[in-house]
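Coordinates in review
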Amino acid sequence: MVNLGIDFGSTYTTVSVFDDGKPTNVPPDNNTFNYPSLVAYDGRRYYCGASARNRMGQPDVRIYRGFKMLLNQQMKKEELLKRGYDDQNTPEEITFRFLKYVIETTLENLVQDKVGTLILGAPECWFQTFETADARDSLRKICSRMPELVEKVRIISEPTCAAASCVWNYEKTNPKFDGNILIIDYGGGTLDTAVVSVSHHSDKLKIKPEARSGAGENHDGEIGKAGIAYQENVLKRAVCQIPGISPDEIQYTESFSAALKKLEDILISDQRTIRDIFEECLLDPSGLNEEMTTLLYEGNRISITYQMLKDSYEEVIRPVLKKVLDETVKDIENINELYIALAGGFCNFYLVQNQVEQYFGMGNIRFSTHSLYYPKNEREKAVSHGTALFAEGIISLSHVAEYGIGMYSTYEDGTVCKNYAIRCGQEYTPNTVYFAPDIHGDPSPMVLLHKDRFILNFSRNPDNYQPMRPINAFSHRLNQFNGEYCFFVGFSFDEDEQISVHLYSYENTPEYRGPSGTPLAVIHLKTLKESFENTVINRRESHEI
């Protein structure tokens, strides 16, 4: 049995294991260190990784890419149909086939029969909103379909994994690192940022997330807000130069996929030339009209210019990167010194590096910043190496609540009292029950009238709450306790951040006032969307407990 870490990327997937005192990649073959995150289907058989890439452009072969970013179920059905998905080949099914292939191939290469602990990196945007949080649960369910291959699965945010790798790499040749690191992890599907505090306890590294932000939600038929969306935007600009073709008419055909792969290869191989061209054009922008390459699309030869690279960057990437950096910096408190590290393949792109350098060089940052060196050719392996370190237990991770949860009540004048049991960003102990407190800090009882008044908060700002109403099985379970006029509601997270709601009777004696020793019921919430629906309440003024 072996412990594995997998950076399941939108463009490439990398597997690592901790071996011989260091995290090491487990390549699929002798030609490359990673797997193209691709699946091909010819109507009879599925092909994954390099086998799928080799079938690009072949007639009657569907190519699936970026399927990880479709697990958050944000893309409309008609957009999924454009990309070749249907009732048989759903994003979940394609993801299952791909991950099963990766894990089986890795076990064969390592001559092992099963994975003990599997750590999967997940995009930061899956920790950020009610709409995307359940994507992690989808990934867990997919892995649960492989009990013969995987014993235990844990999902950790990609920038947190990258931070672990950066610190471990730093300490190979430097003293122990204790401080704060900002990870900017830019890949094919997502932009993830995280500020983590690093400390040592009994000579063991401990990482605690302090502030997080990210972008990667699917909008307007685009996959995420990173490398894939950028490359598709560039290619669409070129295709629209063909007379009579509009962006809405472009289909994700075999020809489009083949042209996109060619563009991706050129962007990687020509990084130095792209940098030189853009630096030369700082004084004379007319040079951006130079042709970078030509591609073949549906029998038409199309031209890609450096101006197209710039225009797509300004439309798709620059505003998103600025917004995420602004949000991350805003959430940092009591930090005077920050180390910055870049991770992910898209961080090697000149325009991304240039924007990050300009952002922190503007002089408007209230703390001092330093570059945490990480080898450029290792950036694509940072998340994978970090997952291996967590899988082997070399680095421990604090359990920090990804969202706050509690109850609320309204006063006679309509104002809201927010009563959090667990706050977003709070460090917690798994499987420990936390109660919403009253003004004295004691567990606060709730009357029957309030049993549909829950709140979620995916921000460290307590005012950014979402009023939620229990639905489906959760609501039905609550309604079974109509005989309890007053009861206590507690919340707990397990090791996998799955939430449970604990209901207790109200015990009121001269010696004790509070929840009874044994809960009336424990309700395990499978997913947030299956448990809650958002409601609208008057927010003109609120109070917090």
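Owing to the predicted nature of the structure, the values given are computational and were not obtained by experimental measurement.

1. So, the layout of surface pockets
- Roughly 770 Å³ of internal volume is contained in the largest pocket.
- Together, 34 residues line the largest pocket, and Tyr12, Gly344, Gly345, Phe346 and Glu380 are the ones closest to its centre.
- Mapped by element, the contributors of at least two residues to the lining of the largest pocket are β2 (12–19), α6 (227–239) and α7 (254–269).
- Broken down by element, the lining of the largest pocket gets its largest block of residues, five residues, from α7.

2. Comments concerning the side chain of Ser409
- By secondary structure assignment, the location of Ser409 is in strand β18 (residues 404–410).
- Residue classification places Ser409 among the buried residues on the basis of a relative accessible area of 19%.

3. A few points about the packing of aromatic side chains
- Tallying each qualifying case throughout the model produces 28 aromatic pairs.
- With a centroid separation of 6.3 Å and an interplanar angle of 80 degrees, the aromatic rings of Tyr230 and Tyr313 are classed as edge-to-face. With Tyr230 in helix α6 and Tyr313 in helix α9 (residues 306–330), the pair connects residues that are 83 residues apart, well separated along the chain. Like Tyr230, the residue Tyr313 is buried in the burial classification.
- Look at Tyr403 and Phe493: their rings are 5.5 Å apart centre to centre, the planes differ by 85 degrees, and that puts the pair in the edge-to-face class. Note that Tyr403 is positioned in the loop between β17 (395–397) and β18 and Phe493 in strand β24 (residues 486–493), a separation of 90 residues in sequence.
- Under the relative-accessibility criterion, Tyr403 is labelled buried at 6%.
- Cluster of aromatic residues (ring-pair linked, three or more members): Tyr186, Tyr230, Tyr313, Phe346 and Phe349.
- In this arrangement the basic side chain of Lys68 is found over the ring face of Phe8, its NZ or CZ atom lying 5.9 Å from the centre.

4. Things to note about the pairing of strand β1 (residues 2–8)
- Within β1, six of the seven residues are buried, leaving the element largely enclosed by the surrounding structure.
- One ladder, built from four bridges, connects β1 with strand β8 (residues 115–122); its direction is parallel. Of the residues in β8, the one forming a bridge with Val2 is Val115.
- With four bridges connecting them, β1 and β2 associate as antiparallel partners. Note on β2: the bridge partner recorded for Gly5 is Ser16.
- Hairpin remark: β1 followed by β2, antiparallel, with three residues in the connecting loop.

What counts and what doesn't
- Residues numbered from 1 in each chain as written.
- Predicted model: local features only at pLDDT ≥ 70, side-chain atom pairs only at ≥ 80, totals over all residues.
- Heavy atoms only, no water.
- 1 Å grid on protein atoms, 1.4 Å probe; cavity = no way out; pocket = protein on both sides within 12 Å on 5 of 7 lines; lining within 4 Å.
- Points joined across faces, edges and corners; volume = space filled by probe spheres on them.
- Helix = DSSP H or I, 4+ residues; strand = E, 2+ residues; numbered from the N terminus.
- Buried < 20%, exposed > 50% of the residue type's maximum accessible area, 1.4 Å probe, protein only.
- Phe/Tyr/Trp six-rings, centres within 6.5 Å; stacked < 30°, edge-to-face > 60°.
- Lys NZ or Arg CZ within 6 Å of the ring centre and 35° of its normal.
- Pairing = 2+ DSSP bridges.

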